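For reference, the chains in residue letters:
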Amino acid sequence: MLTSCAVVVPHDSGWTRARGPRRGPPLEAGGDRVAGVSGSPLSRRAVLRSGGVVGVLGAAVVSGCDLDPTSSPAAPAPAPTDPDQTIVDSARAELTTLIGRLRATSVVVGQAAAARSGPASLVAVHRTQLGALGGDPPPAGPRGRAFSPTELVAHERRAAARFAHWSLTCNNGDLARVLASVATGIRMQPVLRSDAS
């Protein structure tokens, strides 16, 4: 049985058929009839006709579209990246590279000499700084080529300058403070301070 979404309420219009009034007394309360629905003054026939016209026109417009679900449109534009996230990623990469090369330097110099000369202490400092930036420490073991003493100082100073620059260019104040403290922490290392002469 088919039903409609009309509201059923008692009424006494007197109409029972489409062509004429109902004969007999008006319905008492409790008789079920479909109440008039307010809305469009258009008849059902006019709506169906206009719907058919819209369907034909819509089909003509859509016929140029590719409705094949297996075909893929051009990739959507990626969301804009946060410039501060780019800085954080670069800072983490810088520290990870330094840690790897400093570990290799510690192996070449020897653990006892490295503890005195600075590579081992720099590894510990950079691991702490990497943690402050939310980075994961690189896997244990030397990665990369060992630094000569001159290269070690040059790379550490370059890293300090990069961190200072990043602290000035980032938008987030908390991140700027962390980056500035990393730059200062690098500059305060004894290996760099003793070579400042």
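**Student:** So what's going on with the packing of helix H4 (residues 119–132) against helix H6 (residues 173–187)? Which residues, and what values?
**Tutor:** Interaxial distance between H4 and H6 falls to 10 Å at its minimum, and their mutual angle equals 175 degrees. On the basis of their axis angle, the class for H4 and H6 is roughly antiparallel. Contact residues: His126, Gln129 and Ala132 in H4; Val178, Val182, Gly185 and Ile186 in H6. Here the contact of H4 with H6 is composed, by residue class, of four nonpolar, three polar and no charged.

**Student:** Lay out H6 with the relevant residues and their values.
**Tutor:** Between its first and last C-alpha atoms H6 spans 21 Å; for 15 residues at 1.5 Å apiece the expected length is 21 Å, and the two agree. When we look at burial in H6, the residues that qualify are Leu175, Ala176, Leu179, Val182, Ala183, Gly185 and Ile186. With a side-chain oxygen positioned 2.8 Å from the backbone nitrogen of Asp174, the residue opening H6 is Asn172.

**Student:** Give me the lowdown on the side chain of Arg101, citing residues and values where you can.
**Tutor:** By the secondary structure assignment, Arg101 is in helix H2 (residues 83–109). Despite its burial, Arg101 pairs with no opposite charge, the nearest such side chain being Glu151 at 4.1 Å.

**Student:** Quick one: what's the story with the confidence of the model for the protein, residue by residue and with numbers?
**Tutor:** Chain-level statistics for the protein give a pLDDT mean of 74 and a share of 54% at 70 or above. At the level of individual helices and strands, the protein shows its lowest average pLDDT in helix H3 (residues 111–117), which scores 48, and its highest in H6, which scores 95. Across residues 111–116, confidence stays below pLDDT 50; counting only partners more than four residues off in sequence or on other chains, it has six contacts.

**Student:** Explain the nonpolar core residue by residue, including any values.
**Tutor:** Residues Leu133, Phe163, Leu179 and Ile186 are the most contacted members of the largest nonpolar core, which totals 27 residues. Among the elements of the structure, H2, H4, helix H5 (149–169), H6 and helix H7 (190–193) are those that each provide at least two residues to this core. Ranked by residues supplied to this core, first place goes to H2 with seven residues. Leaving out residues up to four positions away in the same chain, Leu133 has contacts with Val88, Ala91, Arg92, Leu95, Phe163, Leu175, Val178 and Leu179.

**Student:** Tell me what's going on with the side chain of Gln189, and back it up with residues and numbers.
**Tutor:** As for its placement among the helices and strands, Gln189 is situated in the loop between H6 and H7. Within the structure, the side chain of Gln189 is placed 3.1 Å from the backbone oxygen of Gly185, a separation counted as a polar contact. When residues no more than four places from it in sequence are discounted, the contact partners of Gln189 are Ser121, Leu122 and Val125.

**Student:** Describe the packing of H5 against H6, listing the residues and the values that go with them.
**Tutor:** Contact pair H5 / H6: the axes reach a minimum separation of 8 Å and the direction vectors enclose 160 degrees. The angle between the axes of H5 and H6 places the two elements in the roughly antiparallel class. Judged by the sense of rotation from one axis to the other, the crossing of H5 with H6 is left-handed. Residue-level inspection shows Glu156, Ala159, Ala160, Ala161, Phe163, Ala164, Trp166 and Ser167 of H5 in contact with H6, the latter providing Ala176, Leu179, Ala180, Val182, Ala183, Ile186 and Arg187.

Calculation criteria
Residues numbered from 1 in each chain as written. Predicted model: local features only at pLDDT ≥ 70, side-chain atom pairs only at ≥ 80, totals over all residues. Heavy atoms only, no water. Axes fitted to C-alpha atoms, helices over the stretch in contact; angles between N-to-C directions. Helix = DSSP H or I, 4+ residues; strand = E, 2+ residues; numbered from the N terminus. Parallel < 35°, antiparallel > 145°, perpendicular 65-115°, else oblique. Contact = heavy atoms within 4.5 Å. Nonpolar A, V, L, I, M, F, W, Y, C, P; charged D, E, K, R; others polar. Expected span 1.5 Å × (residues − 1). Buried < 20%, exposed > 50% of the residue type's maximum accessible area, 1.4 Å probe, protein only. Polar contact = N/O pair within 3.5 Å; in protein donor to acceptor, adjacent residues only side chain to side chain. Lys, Arg positive; Asp, Glu negative; His and termini not counted. Salt bridge = Lys/Arg side-chain N within 4 Å of Asp/Glu carboxyl O. pLDDT = per-residue confidence, 0-100. Core = buried A, V, L, I, M, F, W, Y, C linked by side-chain atoms within 4.5 Å. Left-handed = near helix turned anticlockwise from the far one by under 90°.

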